[in-house]
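Chain by chain, the residues:
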Amino acid sequence: MRARLTVLGSGTSMGVPTIGCDCAVCRSTDPRDKRTRPSIMIEYGGRIVLIDTTPDFREQAIRERINKVDAVIYTHTHADHILGIDDLRPLSFHRAGKIPLYARPESAEINGMVELFGARFEPIAVIHGDTEIYGYRFGSAAYLTDHSDIPERSFAQLKDLDILFLDALRHKPHPTHSTVENSLRIVERAKPKRAFFTHICHDLGHEATNADLPPNVRLSYDGMKLDFEI
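Now for a description of the structure that goes with this document. All chains use their own residue numbering, which begins from 1 and follows the written sequence. Local features are withheld for residues below a pLDDT of 70 in this predicted model, meaning they are given only at 70 or higher, and side-chain atom pairs are given and counted only at 80 or more; totals for whole chains, interfaces and linings count all residues. Only hydrogens and water are set aside when side-chain values are computed; all heavy atoms of the structure are taken into account.

1. Re the side chain of Asp222
Tracing the backbone shows Asp222 in the loop between strand 12 (217-219) and strand 13 (225-229). Burial classes: relative accessible area under 20% of the type maximum marks a residue as buried, over 50% as exposed, and values in between as partly exposed (1.4 Å probe, protein chains only). On the accessibility criterion, Asp222 (16% relative accessible area) is buried. Any pair of N or O atoms that falls within 3.5 Å is considered a polar contact. Within protein, one atom must be able to donate a hydrogen and the other to accept it, and sequence-neighbouring residues count only if both atoms are side-chain atoms. Looking at Asp222, its side chain comes within polar contact range of the side chain of Ser10, at 2.7 Å. Contacts are residue-level and defined by heavy atoms, with any inter-residue pair within 4.5 Å sufficient. Discounting chain neighbours no more than four positions away, the residues touching Asp222 are Val7, Leu8, Gly9, Ser10, Lys34, Arg35, Thr36 and Arg63. Secondary structure follows DSSP: runs of H or I at least 4 residues long count as helices, runs of E at least 2 residues long count as strands, and numbering of each begins at the N terminus.

See the structure below:
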């Protein structure tokens, strides 16, 4: 089944521009350097599934003209991934029943694969600092955000991918997020056809960073749309 992935937000927890910063990326006129908090939308078979609802979800939903949501899957419960939950309310006013939300067992009720509207969403364990959270594989795509490491057991779930999203905060090491260099090593091992980096901070200018990446690896950007098989 054909599906479309839309990057709702590609930025880190503070977004870009970052409040109080006057760096070159925060002052950039390139629209791809304007990054809201990280989330994606997946459309298939007339359905819409979100992964995370950020504090910027209202702005993202208006930008993408989202008029319904059929389900939301959460990666983890940090503020930059969940605080847009209240902005789901207007999308629930004209539907029969509540919008189903799914998250890890300590947050809600995911213990394994979730089937939604004919597609399988398979949780993938990743390490975010000292915490295990979830990324997800759905068909030929996988979305891994907020990871500093990927457990060995999770690489088996990253085979034969068309699209792989990875955390790539910056070049400088960070205790809870992957760097560009580390994520490039993951790409070399997983060998997806296409890889996209997300959760990007203001250290990385879009055009300059892309110029240094391999042809099959790009920075994602808000509003990016990708077609794939789910």
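2. A look at the environment of Gly45
Turning to its location among the elements, Gly45 is positioned in the loop between strand 2 (39-44) and strand 3 (47-51). Spatially, the C-alpha atom of Gly45 lies 38 Å from that of Asp130, the residues being 85 residues apart in sequence.

3. Some words on the sheet that holds strand 3
Pairing between strands requires that DSSP locate at least two bridges from one strand to the other. In space, the 6 strands of this open sheet follow the order 5-4-3-2-1-13, with mixed pairing throughout. At either margin of the open sheet sits one strand with a lone partner, and together these are strand 5 (101-102) and strand 13. In this structure, strand 1 (residues 2-9) lies alongside strand 2, joined through 5 bridges in antiparallel fashion. Bridging from a neighbouring strand, Leu5 pairs with Ile42 of strand 2.

4. Quick word on the pairing of strand 3
The buried fraction of strand 3 amounts to 4 of the 5 residues, a majority that puts the element mostly inside the structure. In this sheet, strand 3 lies alongside strand 2 in antiparallel orientation, the contact comprising 5 bridges. Within the sheet, the bridge partner assigned to Glu43 lies in strand 3 and is Ile48. Between strand 2 and strand 3, which pair antiparallel one after the other, the connecting turn spans 2 residues, and Gly45 there sits at a positive phi close to 55°. One ladder, built from 3 bridges, connects strand 3 with strand 4 (residues 71-73); its direction is parallel.

5. A short note on the environment of Ser140
You can see Ser140 is positioned in the loop between strand 8 (131-138) and strand 9 (141-143). The contact partners of Ser140, leaving out residues within four places of it in the chain, are Leu161, Asp162, Ile163, Phe228 and Glu229.

6. Regarding the sheet that holds strand 12
On the basis of which strands lie adjacent, the open sheet formed by 7 strands has the order 6-7-8-9-10-11-12 and mixed pairing. With partners counted over all chains shown, the strands left at the sheet margins are strand 6 (114-116) and strand 12, one partner each. Across this sheet, the average inter-strand angle for adjacent strands is 25°, counted without regard to direction. Both strand 11 (residues 194-198) and strand 12 contribute to a ladder of 3 bridges, which runs parallel. Across the sheet, the residue bridging to Phe197 is Leu219, located in strand 12. Axis definition: a line fitted to C-alpha atoms, over the contacting stretch in the case of helices. Angles run 0 to 180 degrees between N-to-C directions.

7. Here we look at the side chain of Thr12
By the element assignment, Thr12 lies in the loop between strand 1 and strand 2. We classify Thr12 as buried; its relative accessible area is 8%. At 3.2 Å, the side chain of Thr12 forms a polar contact with the side chain of His199.

8. Quick look at the state of the cysteines
Here, the term disulfide refers to a pair of cysteine sulfur atoms separated by no more than 2.5 Å. Using the criterion set out here, one finds 0 disulfides in the structure. Cysteine Cys21 remains unbridged, with the sulfur of Cys23 as its closest cysteine sulfur at 3.6 Å. Left without a disulfide partner, Cys26 is nearest to the cysteine sulfur of Cys23, which lies 3.6 Å away.

9. Brief notes about the environment of Arg37
Of note, Arg37 is situated in the loop between strand 1 and strand 2. Judged by its relative accessible area of 18%, Arg37 falls in the buried class. Along the primary structure Arg37 and Asp80 are separated by 43 residues, whereas in three dimensions their C-alpha atoms are 6.3 Å apart. Within the local environment of Arg37, its side chain forms a polar contact with the side chain of Asp56, the two groups lying 2.5 Å apart.

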